[in-house]
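# Residue-level structure breakdown
Here are the chains, one letter per residue:
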Amino acid sequence: MKVKRLPDDFVVEERARLVPSDRGRYAVYLLRKRGIGTLEALRAVRRAWRVASRDVGFGGLKDRHAVTVQWVTIPDGPKRNLDENAFRLTYEGRSDVPMTRMALSGNTFSVRLRDLSRDEAATVAARFDESVRLGLPAYFDDQRFGSLRGGGGFAALHLLRGDAEAALRAVIASPSREDRGPVRERKRALAKAWGDWEAALPHVEGTPARAAVLHLLRHPTDFEGAFAALDRDERRLFASAYASAVWNRAVRHRVEALVPEADRIALPGAAGPLVFPRDPMALLAFADATLPLPAPGARAHDPAWHEALTSSLAEDGLTLDALALPRRLGMDLRATQRPVLFRPDEPHAGDPVPDDLHPRRFALDLSFTLAPGLYATILLRRLTYDMGGAKSLP
């Protein structure tokens, strides 16, 4: 079984409460991209049009390994398009309000699964129906944890422990095999030159890490200030990555407490295993449960869920009240309540069709809509867990 065999096999279209018109302060654009992350594409837009980071409004981050469409706003932005190799930004009109996460209403997915037998296609379709009826744990998937790839750990956790140098090294000087070639080589060069900031500077020209290295040239021991010089949106991602990992851990522990080990499915995850019950009926116990992301003052409504959250933090030697990051970093953690389960909306599973890329095998088309912040890849991992699907999802 193969997922994302071609870019067009995974298409995401953002839905937003944003209606372009011919009036308003904000120029509204559609960003269509493939093979590039949202932040990378928006950095290219900012360079091309000389726009400040704070002025580019967007709702969510879209997968690099897909064809994606999302809304972007720029105050008093130009009434023109921007074409690059990996993306196209098209002018759609004006708006009185900017695009933000609060304007998101969901994402629609169109997915083609390939290299299936007819029986496998029928199994996937049946599991899809079960997921629609009974739900799945709303885990954050590996896309949320890209900063872990180099093995440097969670930057936010290092910061909470008072080690800003380790946090900075984790995000700018910890290469991984998943990095693209130039990024991996830059991180290796930074790791080798660490502490010699004049030698490091040529390796970061034209990258978000340059501001951090320049800061260290002037203030060699102020690693917290250097971290604060990194891209604002990326800093916030580092905070949310750690909070999301703790949230996942708490949900996993509750599933493990509910379901005997022999009746579990454990899938590998960048921030820890993702555990599901083999029988989705077991999840009915969590039907209306919500769990806040860890933050100062966070409180789960159910004592059992609150205990799961606090014990998951305790594994890192932390408490909820200790989750205050330095103000200068702009990385506040927020106790956003998140439903423990999710169900795909507007679901549709097509009939199996011959796979044009794999003779004598079948393809299956699925479409569905998810609320903001939910991961289609979690659904696909559960649908295909014993078909090689978990290994096929970047």
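Attention in this report is confined to the structure presented alongside it. This structure is a prediction, so every number in the text was calculated from the model and none was measured.

As a further point, take the overall build of the chain. A count of helical and extended segments in the chain gives twelve helices and 17 strands. In terms of overall size, the chain behaves like a compact globule, its C-alpha atoms giving a radius of gyration of 22 Å where 394 residues would be expected to give roughly 21 Å. Judged by the C-alpha coordinates and their principal axes, the chain covers about 65 × 50 × 40 Å. By the burial criterion, 52% of the 394 residues in the chain qualify as buried. Counting only contacts in the chain whose residues sit at least 6 apart along the sequence, the fraction spanning at least 24 positions is 74%. Just so you have it, the chain exposes about 18200 Å², and 48% of that area is on carbon and sulfur atoms.

Glancing now at the environment of Ala138. By secondary structure assignment, the location of Ala138 is in the loop between strand 9 (136-137) and helix 3 (155-160). Between the C-alpha atom of Ala138 and that of Pro78, which follows or precedes it by 60 residues, the distance is 39 Å.

As a further point, take the packing of helix 9 (residues 232-258) against helix 10 (residues 303-314). Following both chains from N to C, one finds helix 9 and helix 10 inclined at 125°, their axes separated by 8 Å at the closest point. With respect to helix 10, the axis of helix 9 lies oblique. With respect to the hand of their crossing, helix 9 and helix 10 are arranged in right-handed fashion. Residues Tyr242, Val246, Arg249, Ala250, Val251, His253 and Arg254 of helix 9 form the contact with helix 10, whose own contacting residues are Ala304, Trp305, Ala308, Leu309, Ser312 and Leu313. Class assignment of the residues belonging to the contact of helix 9 with helix 10 gives a composition of nine nonpolar, two polar and two charged.

Bringing unusual backbone geometry into the picture now. For Arg50, which is not glycine, the phi dihedral falls at a positive 55°. By secondary structure assignment, the location of Arg50 is in the loop between helix 1 (38-49) and strand 4 (57-58). A relative accessible area of 79% means that Arg50 is categorised as exposed. Here the phi dihedral of Asp115 falls at roughly 60°; this positive angle occurs in a residue that is not glycine. Tracing the backbone shows Asp115 in strand 8 (residues 104-116).

What follows covers the pairing of strand 7 (residues 87-95). Along any regular strand the residues' side chains alternate between the sheet's two faces. Pairing of strand 3 (residues 26-34) with strand 7 involves eight bridges; the strand directions are antiparallel. Paired with Tyr29 across the strands is Tyr91, a residue of strand 7. In terms of strand pairing, strand 6 (residues 82-83) meets strand 7 through two bridges, oriented antiparallel. Counted as the bridge partner of Asp83 is Arg88 from strand 7.

Our focus in this paragraph is helix 2 (residues 118-134). A rise of 1.5 Å per residue sets the reference length of helix 2, with its 17 residues, at 24 Å; its end C-alpha atoms lie 24 Å apart and thus fit the reference within 8%. All of the buried residues along helix 2 are Ala121, Val124, Arg127, Phe128, Ser131 and Leu134. Each element contacted by the buried residues of helix 2 is listed here: strand 8, strand 9, strand 14 (341-342), strand 15 (345-349), strand 17 (362-370) and helix 11 (376-383). In the segment just after helix 2, Gly135 is the residue with positive phi, at about 90°.

For the rest of this paragraph, the subject is the nonpolar core. Residues Leu168 and Phe227 are the most contacted members of the largest nonpolar core, which totals 96 residues. At eleven residues, the largest contribution of residues to this core is made by helix 9. Sequence-distant contacts of Leu168, that is, excluding residues within four places in its chain, are made with Ala173, Trp194, Ala212, Leu216, Phe223, Ala226, Phe227 and Leu230. Counting residues in hydrophobic clusters, the runner-up holds 18 residues, among them Tyr29, Ala41, Val56 and Ile74.

Here we take up the pattern of salt bridges. For the coordinates displayed, the defined rule picks out 27 salt bridges. Here Asp9 ties to Arg114 by a salt bridge, and the two come within 2.8 Å at their closest N and O atoms. Placement of the pair is Asp9 in the loop between strand 1 (2-3) and strand 2 (10-16) and Arg114 in strand 8, with a sequence separation of 105 residues. The two residues Asp9 and Arg114 agree in class, both being buried. Among the salt bridges present, the one from Asp356 reaches Arg114, with a minimum N-O distance of 2.9 Å. Note that Asp356 is positioned in the loop between strand 16 (353-354) and strand 17 and Arg114 in strand 8, a separation of 242 residues in sequence.

The next point concerns helix 9. Compared with an ideal rise of 1.5 Å per residue, which puts 27 residues at 39 Å, helix 9 spans 40 Å between its outermost C-alpha atoms and is within 8% of the ideal. For helix 9, the N-terminal cap is Asp231; the gap from its side-chain oxygen to the backbone nitrogen of Asp233 is 3.0 Å.

All chains considered together, the criterion is met by 15 aromatic pairs. In this structure an aromatic cluster arises from ring pairing among Phe10, Phe109, Phe128 and Phe368. Taking the ring centre of Phe10 as reference, the NZ or CZ of Lys4 above it sits at 4.4 Å. Directly above the ring of Phe140 sits Arg338, whose terminal nitrogen or CZ lies 3.8 Å from the centroid.

Analysis parameters
Residues numbered from 1 in each chain as written. Predicted model: local features only at pLDDT ≥ 70, side-chain atom pairs only at ≥ 80, totals over all residues. Heavy atoms only, no water. Helix = DSSP H or I, 4+ residues; strand = E, 2+ residues; numbered from the N terminus. Rg over C-alpha atoms; globule rule 2.2 N^0.38 Å. Buried < 20%, exposed > 50% of the residue type's maximum accessible area, 1.4 Å probe, protein only. Contact = heavy atoms within 4.5 Å. Areas by Shrake-Rupley, 256 points an atom, 1.4 Å probe, with all protein chains shown as cover. Axes fitted to C-alpha atoms, helices over the stretch in contact; angles between N-to-C directions. Parallel < 35°, antiparallel > 145°, perpendicular 65-115°, else oblique. Left-handed = near helix turned anticlockwise from the far one by under 90°. Nonpolar A, V, L, I, M, F, W, Y, C, P; charged D, E, K, R; others polar. Pairing = 2+ DSSP bridges. Expected span 1.5 Å × (residues − 1). Core = buried A, V, L, I, M, F, W, Y, C linked by side-chain atoms within 4.5 Å. Salt bridge = Lys/Arg side-chain N within 4 Å of Asp/Glu carboxyl O. Polar contact = N/O pair within 3.5 Å; in protein donor to acceptor, adjacent residues only side chain to side chain. Phe/Tyr/Trp six-rings, centres within 6.5 Å; stacked < 30°, edge-to-face > 60°. Lys NZ or Arg CZ within 6 Å of the ring centre and 35° of its normal.

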